[in-house]
Amino acid sequence: MTRFAGVRLSNPVHFLALGGGLGLAPKAPGTFGTLAAFPFYWVMQDWSLFPYLMTLILFSAVGIYLCGKTAEDMGEHDHPAIVWDEVVGMLITLIAAPAGWIWLVIGFALFRLFDIWKPWPIRFFDKQMEGGLGIMMDDILAGIFALVWLQALARLFPNL
């Protein structure tokens, strides 16, 4: 049972959309929800690029449904507790990330920065799109921005 009417962690759609409950954190639910990406990443980190990207496409498609349905059940578009979009954005950030915990921390910080700051065009899509796709799109873009910066930093500082 959660503190939100119409939402139950016993419902698999809600459970996934709320990051296993991490999105229910009273402060910084997006930041806590982003942590739900790491168990997936630890499974996927040694995969070659093709299966990793195919899984991201699947997670994104499923996320459109999960986030849209949960938002509908909550009666609020992009409620802060809905964090599956953060999971996908973080996994995008970590595509081909260099080995080592420091790169995970840097990737996490970059993703949270772009997700919170929402520079153009992230902010545009955040404001213009609705439904599950709208919930997912700003985090997908934030993940792409963070991915580009993470890879650039990895090239500039390969011995970090």
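Our subject is the structure listed above.
No experiment lies behind these values; they were computed from the predicted model shown.

Basis of the calculations
Residues numbered from 1 in each chain as written. Predicted model: local features only at pLDDT ≥ 70, side-chain atom pairs only at ≥ 80, totals over all residues. Heavy atoms only, no water. Helix = DSSP H or I, 4+ residues; strand = E, 2+ residues; numbered from the N terminus. Rg over C-alpha atoms; globule rule 2.2 N^0.38 Å. Buried < 20%, exposed > 50% of the residue type's maximum accessible area, 1.4 Å probe, protein only. Contact = heavy atoms within 4.5 Å. Areas by Shrake-Rupley, 256 points an atom, 1.4 Å probe, with all protein chains shown as cover. 1 Å grid on protein atoms, 1.4 Å probe; cavity = no way out; pocket = protein on both sides within 12 Å on 5 of 7 lines; lining within 4 Å. Points joined across faces, edges and corners; volume = space filled by probe spheres on them. Nonpolar A, V, L, I, M, F, W, Y, C, P; charged D, E, K, R; others polar. Phe/Tyr/Trp six-rings, centres within 6.5 Å; stacked < 30°, edge-to-face > 60°. Axes fitted to C-alpha atoms, helices over the stretch in contact; angles between N-to-C directions. Parallel < 35°, antiparallel > 145°, perpendicular 65-115°, else oblique. Left-handed = near helix turned anticlockwise from the far one by under 90°.

Participant: For this particular structure, what's the right way to read the overall build of the chain?
Facilitator: Counting its regular elements, the chain contains eight helices and zero strands. Ordering the α and β elements of the chain from the N terminus gives α-α-α-α-α-α-α-α. Computed over the C-alpha atoms, the radius of gyration of the chain is 15 Å, within 12% of the 15 Å expected from 2.2 N^0.38 for a compact globule of 160 residues. The dimensions of the chain, computed from C-alpha atoms along their principal axes, are 50 × 30 × 30 Å. The 160 residues of the chain split such that 51% are buried. Partitioning the contacts of the chain with sequence separation of at least 6, the portion at a separation of at least 24 is 69%. Counting only carbon and sulfur atoms, one obtains 71% of the accessible surface of the chain, whose full area is about 8300 Å².

Participant: Honestly, the layout of surface pockets in this entry has me stumped. Any pointers?
Facilitator: Of the volumes computed, that of the largest pocket is approximately 170 Å³. Taken together, 14 residues form the lining of the largest pocket, with Glu86, Arg112, Asp115, Lys118 and Asp138 sitting closest to its centre. Secondary-structure elements contributing two or more residues to the lining of the largest pocket are helix H5 (84–93), helix H6 (101–117) and helix H8 (131–156). With three residues, H6 is the single largest residue contributor to the lining of the largest pocket. Of the residues that constitute the lining of the largest pocket, the class distribution is three nonpolar, two polar and nine charged.

Participant: Would you explain the packing of aromatic side chains in this entry?
Facilitator: One pair of aromatic rings is described through two measures. These are the centre distance and the angle between the planes. On inspection of all chains with the given rule, the structure shows eight aromatic pairs. Ring geometry for phenylalanine 40 versus phenylalanine 59: centroids 5.2 Å apart, planes at 75°, classification edge-to-face. Of this pair, phenylalanine 40 sits in helix H3 (residues 37–44) while phenylalanine 59 sits in helix H4 (residues 49–74), placing them 19 residues apart in sequence. Between phenylalanine 124 and phenylalanine 125, the ring centres sit 5.4 Å apart and the planes meet at 85°, which makes this aromatic pair edge-to-face. By relative accessible area, phenylalanine 124 is classed as partly exposed at 42%. Connected via pairs of aromatic rings, a cluster forms that spans Phe38, Trp42 and Phe108.

Participant: Just checking my understanding: could you explain the packing of H4 against H5 for this structure?
Facilitator: Two measures define how a pair of helices packs: the angle their axes make with one another and the distance between the axes. It is at 9 Å that the axes of H4 and H5 come closest, and there the two elements cross at 165°. When the interaxial angle is binned, H4 and H5 end up roughly antiparallel. In this structure, H4 crosses over H5, and the sense of that crossing is left-handed. In this structure, H4 contributes Tyr52, Leu56, Phe59, Ser60, Gly63, Leu66 and Cys67 to the contact, and H5 contributes Trp84, Asp85, Val88, Leu91 and Ile92. Here the residues of the contact of H4 with H5 are counted per class, giving nine nonpolar, two polar and one charged.

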